[in-house]
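# Breakdown of the fold
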Number of protein chains: 2
Amino acid sequence: MVVKVYGPAYGAPKRVLLCLLEKEIEFETVPVDIIAGENHNPDFLKLQPQGTDLLGKTIEEQGLVNQWLEVEAHRYHPPLFDLELHIMFPNFVVRSEQVIKESEEKLGKVLDIYEDRLSKSKYLAGDFFSLADLSHIPFTCYLVGPIGKGYMIKERKHVSAWWDDISSRPSWLKVLEICK
Amino acid sequence: MVVKVYGPAYGAPKRVLLCLLEKEIEFETVPVDIIAGENHNPDFLKLQPQGTDLLGKTIEEQGLVNQWLEVEAHRYHPPLFDLELHIMFPNFVVRSEQVIKESEEKLGKVLDIYEDRLSKSKYLAGDFFSLADLSHIPFTCYLVGPIGKGYMIKERKHVSAWWDDISSRPSWLKVLEICK
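Report on the accompanying structure. None of these values were measured; they are calculated from a predicted model. (Residues numbered from 1 in each chain as written. Chains lettered and ligands numbered in written order. Predicted model: local features only at pLDDT ≥ 70, side-chain atom pairs only at ≥ 80, totals over all residues. Heavy atoms only, no water.)

Check the secondary structure of chain A and you find 9 helices and 2 strands. If you list the helices and strands of chain A from N to C, you get β-α-β-α-α-α-α-α-α-α-α. Taking all 180 residues of chain A together, the buried fraction comes to 42%. Put simply, chain A shows about 9,700 Å² of open surface, and 58% of that area lies on carbon and sulfur atoms. (Helix = DSSP H or I, 4+ residues; strand = E, 2+ residues; numbered from the N terminus. Buried < 20%, exposed > 50% of the residue type's maximum accessible area, 1.4 Å probe, protein only. Areas by Shrake-Rupley, 256 points an atom, 1.4 Å probe, with all protein chains shown as cover.)

The structure is reproduced here in structure tokens:
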């Protein structure tokens with residue numbers, strides 16, 4: 001798919017053109033006459049929103065998505081990644097039973113907080129699937145798969161229902177198919 | 001240019017695949033065997049860094065780039081945009097001489113801070129051109145052009161030298177050519 005920049009004649013899109021040129025990324029431009037209101041044409045409006053709105057619609061939703069993305073990045077991912085390293089990649093690191101034990105404890109405490117959160121809302125940022133949920137999928141898939149600690153998900157009722165939901169999304173099934 | 005995702009078999013790139021699928025954006029995948037160290041091959045390393053490093057190399061540089069991006073977004077752009085609206089688009093808003101006067105005063109105060117900053121470093125985030133400088137170019141070009149207030153730049157020695165520098169970058173000259 002060619003990168004297309006719509007309405008290149010205006011200030012904000014010019015920032016995008018500058019970035020693409022500075023980064024040496026090819027692109028096409030598609031004129032849009034905002035003065036003539038072309039940005040309100042049905043064909044133009046069809047371009048966005050496209051697919052799932054992963055970032056939230058309101059400023060409050062967006063704040064919650066960012067908050068849970070941070071939780072994933074700083075609390076959930078690090079112990080999970082250590083489990084992955086020490087259990088799945090013994091050639092990369094010297095397997096340490098203590099790191100494995102401590103990482104599982106850390107991740108368990110985080111999952112307890114998730115269990116509480118997910119007892120109040122269907123997804124992490126609210127009642128909509130967001131980038132915050134999405135960012136958990138690939139590595140949690142390792143947790144329940146090759147890491148062999150799926151019980152950490154299963155033994156938590158709401159986390160388990162959340163995982164069954166997000167891990168059965170067509171997009172993830174498609175990723176698994178691509179990476180077979 | 002087709003969007004290419006390298007090393008789709010690994011956890012982090014799978015997040016990218018998920019986003020592209022959720023957003024219904026076409027892509028190609030290119031296998032990279034990290035276990036075999038293919039991510040250290042010269043051909044792979046050539047992929048990044050690509051073009052100008054707009055975000056800074058160190059965490060300190062990245063922090064300064066973000067800080068000045070915020071200044072542009074919340075201090076520099078709003079009064080400049082009001083000048084643009086009231087001077088360039090009288091059909092969109094009822095031209096208000098008071099808004100124009102107040103916006104020029106606000107922007108002048110911000111430019112005084114820029115003058116001080118740019119007396120200490122060649123660019124806003126340091127001695128390297130970054131996304132923080134880039135984000136100023138399109139609308140500042142309106143300021144010195146159709147808005148007719150280029151003197152606000154010219155009368156400030158360091159801001160003027162900075163503007164002459166960033167507005168003569170090949171990438172911007174190319175944008176002007178594209179948008180002719």
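Text resumes after the structure shown.
A negative phi angle is the norm for most residues apart from glycine, just as the trans form is the norm for most peptide bonds. One non-glycine residue with positive phi stands out, namely Glu 24 of chain A, at about 55 degrees. Mapped onto the fold, Glu 24 of chain A is located in the loop between helix H1 (11-22) and strand S2 (28-30).

This next bit is on the interface of chain B and chain A. With 46 residues of chain B in contact, the opposing surface of chain A contributes 46 residues. Both faces combined, the contact of chain B with chain A buries some 4,000 Å², and carbon together with sulfur accounts for 68% of it. At the junction of chain B with chain A, the criterion picks out 4 salt bridges. Across the pair Glu 72 of chain A and Arg 15 of chain B runs a salt bridge whose closest N-O atoms are separated by 2.8 Å. Looking at the side of chain B that touches chain A, the elements that each hand over two or more residues are helix H1 (11-22), helix H3 (59-88), helix H5 (131-134), helix H6 (137-144) and helix H9 (170-178) of chain B. Top contributing element to the side of chain B that touches chain A by residue count: H1 of chain B, with 9 residues. Among the residues making up the side of chain B that touches chain A, the classes are represented as 28 nonpolar, 8 polar and 10 charged. (Contact = heavy atoms within 4.5 Å. Buried area = accessible area lost by both parts, 1.4 Å probe. Salt bridge = Lys/Arg side-chain N within 4 Å of Asp/Glu carboxyl O. Nonpolar A, V, L, I, M, F, W, Y, C, P; charged D, E, K, R; others polar.)

Let us now look at a nonpolar patch on the surface. Taken together, the side chains of Ile 34 and Ile 35 of chain A together with Phe 92 of chain B make up a nonpolar region of the molecular surface, amounting to roughly 270 Å² of accessible area. Relative to the assigned elements, Phe 92 of chain B resides in the loop between H3 and helix H4 (97-118). (Patch = residues over 30% accessible without salt bridge, like charges linked within 9 Å, V, L, I, M, F, W, Y side chains within 5 Å.)

Turning to the relation of the copies chain B and chain A, a few remarks are in order. It takes a turn of 180 degrees to lay chain B on chain A, together with a shift of 0.0 Å along the axis; the resulting RMSD is 0.1 Å. The transformation just described matches what one would write down for a two-fold rotation axis. Residues of chain B ranked by C-alpha distance from the rotation axis are headed by Val 2 of chain B, positioned 2.7 Å from it. In this assembly, 100% of the residues forming the interface of chain B have copies in chain A that are likewise at the interface, indicating an isologous arrangement. (Least-squares fit on C-alpha atoms with pLDDT ≥ 70 in both.)

Before going further, it helps to spend a moment on the packing of H3 of chain B against H6 of chain B. Residues and elements named next belong to chain B. Orientation of H3 relative to H6, taken along the N-to-C sense of each, is 45 degrees, at an axis distance of 10 Å. In terms of orientation, H3 and H6 fall into the oblique class. Regarding H3 and H6, the two cross each other, and that crossing is left-handed. Of H6, the residues touching H3 (which contributes Tyr 76, His 77, Leu 80, Phe 81, Leu 83, Glu 84 and Met 88) are Phe 139, Thr 140, Tyr 142 and Leu 143. Residues that form the contact of H3 with H6 fall into these classes: 8 nonpolar, 2 polar and 1 charged. (Axes fitted to C-alpha atoms, helices over the stretch in contact; angles between N-to-C directions. Parallel < 35°, antiparallel > 145°, perpendicular 65-115°, else oblique. Left-handed = near helix turned anticlockwise from the far one by under 90°.)

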